[in-house]
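Here is what each chain is made of, one letter per residue.
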Amino acid sequence: MGDKHQVPEVKSPATIESGAAYSWPEAPILIGSRVKRVDGPDKVQGKAKYSYDVNRPGMLYGRILRSPYAHARIVSIDFSAAKRAPGVRATLAILEPGQRAMYQGDEVAALAATTEELAADALRLVRVKYEVLPHLATIAQAMDPIAPPIFEGGNVRRGNAEEEGDLEAGFAAAAHTVEQSYSTQVETHQSLETHGCVCEWEDGKLTAWASTQAVHGTREGFAKALEIPQSNVRVITQYMGGGFGSKFGPDVQGITCAKLAKQADAAVKLMLDRKEEQLAVGNRPSAFANIKAGVTADGALTAFDAETWGTGGAGRGAGFPLPYIYQFPNRRRVHADVYTNAGPQRAMRAPGHPQGCFITELLMDELADQIQMDPVEFRLKNLPPKAPNAMWADYFPKAAQRFGWSKRHPTGDSTPGPIKTGFGCAANRWGGGGRGSQARCEIHPDGGVVMRCGTQDIGTGIRTIVQMITAETLGIPFEAVIPEIGDSVYPFSGGSGGSTTSPSVSPAIRITAEKARAEFADRLASALGVDATNVVVRDGRVLIGEDTSKTMSWKEACRRLGTELVSVDGKWERGLSSSGSSGVQLAEVEVDIETGVTKVKRITIVQDCGLVLDPLTAESQVYGGVIMGVGFALYENRIMDRNTGQMVNPNMEWYLLPGMSDVPEIDITVVSQPERGVIGLGEPPTIATAAAIGNAVANATGVRVRSLPITPDKVLESLDQLF
Ligand code: MOS
């Protein structure tokens, strides 16, 4: 995973295969019910220990010295003064003389000291001589034909044209065309918990309490970088405050922390601060598009011609799907990745999709306006024919009904007064699905049941899901199960990315619990001298005999197992999960045309994710996704200064996030599709929000802001052009 973390595409699978060895229960008690997350109380009471909260005896604090320049060559690094500073126990060069720092915040050196304050003081004594080099902090600078060649292989990398059909014929068939430019900004992840870990060595073995989306992947990353066996690394993540795609491996700060700990022979905590988060650990790349598109008078899309580009910062691409969802029979697209001296991008919640969705959906509304067709009707007319499990044709009308879409006025609210109201819509798709998780279930003679899986809860509630499925499958009360996750000594599970956690973990849990149930029945049956098929566990009671006349408590039955506990391993198999989800969102906004301020009033979302395991945790994913989408639509923006190459808002004061009062009313329908198995929901609900809001702003004001975020200045500037 890590930097190579790939985005699964919708593969349009059929429903899950029949004839699979295992299935979901037909009349479940827990699965599909609103089970509150088991770790909720610990989290709100501050009892849950995040990596940040882990403290070890004799622990030191690590800090990283970062390049203040957007582009500079290291001439020398002198630790002599820093080493003499009070409390300093280890120092480390991350870059060597001759190497270049490629962006402000790029890691240069590090040290560990006995307190955070002493570490910060000592960091100022590290003398680094830089040869400052020319930088390309903005896209405009990097695309300038006379820009200095900074990135090996070119600052701008144009791909080949993707082409289909006959563009000329497509435009000839169009009654109307739209020719416009659209863009989305660089957005940073803003995880509630910053990146970092606590590292401790003992007898050549490393334990890392890491804020990660992948305990096993991070173990592998540590082992490779430190050149030690994977079996000598243990990664623990009991609780973590979000990653959104930016936390799949140990990262530079993790490796640095482990090296400092080894050097000092003491545990080291190295957690980043907010500024470091903004500069160095990932972002959603920007997206730009110049598009010409055509439509017939009765609303059929005919042609799409796009030139697109974006920046993923220093040395990373900026791909995104385009056109998104809607198919143009004749199309061409040429894309260029633009490299800049800015923090490199990483996967961020549905990588590429929010950008592709915003650009395409705004264009769709402009085309609909040309022919004065209702935007929902226009979309229904142009849905792709080859997407068997994509349910937009059902969801648009369903969402429209719930939302009251029929009250939409034509673009431009004609009511008097400065507050203008508008509606907008957009659709999303996502792959999801997952595979390859393993689990172990233990039933102890004292009645205790433990289900272990080396997955991790990145905030989505998988601990609760593990507990639910185990209890349901064994026929015992929810409280009787202890879910153990978040530790690389547990059976393998992949990284929590691509909305794959539930579809990879829950089948493994179901199958392992089934096996444990069968083994338990065998063992009890032979102890009691009955047939195993005559042992049934229901509601925490064990029913024995053909007529199930004899019953005993779960505890009593477990005692009959003797001293040898039931311990079985199981793993993911086909048949309980699939991939491919779809959804739509409708937005209502109010725009004040005197101040330019947009307020999102309501979002209605209809979204599927296959079998809904727990509607409560599913809805919680949707809330989070929509709120993140509001931030993308109206507020968030990494702003780079072209002269200094610095980010001008690397903090939470000027990098704006939605606050409580910015959160709209969110009407959620998570469509249940039990026949498809588990699919995953982390990413889909954030995709269409900004696009729906963007279209609603245009519907309200009669002018279109084609660039995110939709800030008051852009709204006022667009309105100015009306007069
Ligand atoms: Mo993600 S962006 O697959 O955590």
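The structure under discussion appears in the preceding block.
The structure reproduced in this document is the subject of the present report.

Calculation rules
Residues numbered from 1 in each chain as written. Predicted model: local features only at pLDDT ≥ 70, side-chain atom pairs only at ≥ 80, totals over all residues. Heavy atoms only, no water. Axes fitted to C-alpha atoms, helices over the stretch in contact; angles between N-to-C directions. Helix = DSSP H or I, 4+ residues; strand = E, 2+ residues; numbered from the N terminus. Parallel < 35°, antiparallel > 145°, perpendicular 65-115°, else oblique. Left-handed = near helix turned anticlockwise from the far one by under 90°. Contact = heavy atoms within 4.5 Å. Nonpolar A, V, L, I, M, F, W, Y, C, P; charged D, E, K, R; others polar. Buried < 20%, exposed > 50% of the residue type's maximum accessible area, 1.4 Å probe, protein only. Lys, Arg positive; Asp, Glu negative; His and termini not counted. Salt bridge = Lys/Arg side-chain N within 4 Å of Asp/Glu carboxyl O. Polar contact = N/O pair within 3.5 Å; in protein donor to acceptor, adjacent residues only side chain to side chain. Pairing = 2+ DSSP bridges. Arc of directions from axis to C-beta. 1 Å grid on protein atoms, 1.4 Å probe; cavity = no way out; pocket = protein on both sides within 12 Å on 5 of 7 lines; lining within 4 Å. Points joined across faces, edges and corners; volume = space filled by probe spheres on them.

Some remarks on the packing of helix H6 (residues 215-226) against helix H7 (residues 251-264)
For the pair H6 and H7, interaxial distance at closest approach is 10 Å and the crossing angle is 60 degrees. It follows that H6 is oblique to H7 by the angle criterion. Handedness of the crossing formed by H6 with H7: right-handed. On the side of H6, the interface is formed by Gly-221, Phe-222, Ala-225 and Leu-226, while H7 contributes Gly-254, Ile-255, Ala-258 and Lys-259. Here the contact of H6 with H7 is built from residues that sort into 5 nonpolar, 2 polar and 1 charged.

So, the side chain of Arg-638
Its location among the elements puts Arg-638 in the loop between helix H15 (615-634) and strand S29 (665-671). Within the buried core, Arg-638 has no salt-bridge partner, and the shortest N-O distance to an opposite charge, that of Glu-636, equals 11 Å. Here Gly-343 takes part through its backbone oxygen, which lies 3.2 Å from a polar atom of the side chain of Arg-638. Not counting chain neighbours up to four residues away, the residues in contact with Arg-638 comprise Val-186, Asn-283, Ala-342, Gly-343, Met-647, Asn-649 and Tyr-655.

Side note on the sheet that holds S29
The sheet built from 4 strands is open, its strands ordered S19-S27-S28-S29 with mixed pairing. Of all the strands in the sheet, just strand S19 (419-430) and S29 have a single pairing partner and so form its edges. Between one strand and the next, the sheet's axes are offset by a mean angle of 10 degrees, whatever the strand orientation. Relative to strand S28 (residues 598-608), strand S27 (residues 581-592) runs antiparallel, the two being bridged by 9 bridges. Bridging from a neighbouring strand, Val-591 pairs with Thr-598 of S28. On the sheet, helix H11 (residues 392-403) packs against S19, S27, S28 and S29 and is oriented at approximately 35 degrees with respect to S27.

Focus: helix H17 (residues 712-720)
Residues of H17 that are buried: Val-715, Ser-718 and Leu-719. All buried residues of H17 project into a common sector of 100 degrees when viewed along the axis, lining one side. Summarising the geometry of H17, the exposed residues directed more than 90 degrees from the buried face are Glu-717 and Asp-720.

Structural notes on empty space enclosed by the protein
All chains considered together, the criterion is met by 3 cavities of 30 Å³ or more. As a volume, the largest cavity reaches approximately 90 Å³. Surrounding the largest cavity, 14 residues form its lining, Gly-196, Ser-211, Gly-249, Pro-250 and Gln-253 being those nearest its centre. When residues of the lining of the largest cavity are traced back to their parent elements, those giving at least two are strand S11 (196-202), H6 and H7. For the lining of the largest cavity, the leading source of residues is H7, giving 3 residues. Looking at the lining of the largest cavity residue by residue, the class counts come to 4 nonpolar, 8 polar and 2 charged. Taken as a whole, the second largest cavity holds about 40 Å³ of empty space. In terms of lining residues, the second largest cavity is bounded by Tyr-103, Gln-104, Gln-278, Leu-279, Asn-341, Ala-342, Gly-343, Arg-638, Met-640, Gly-645 and Met-647.

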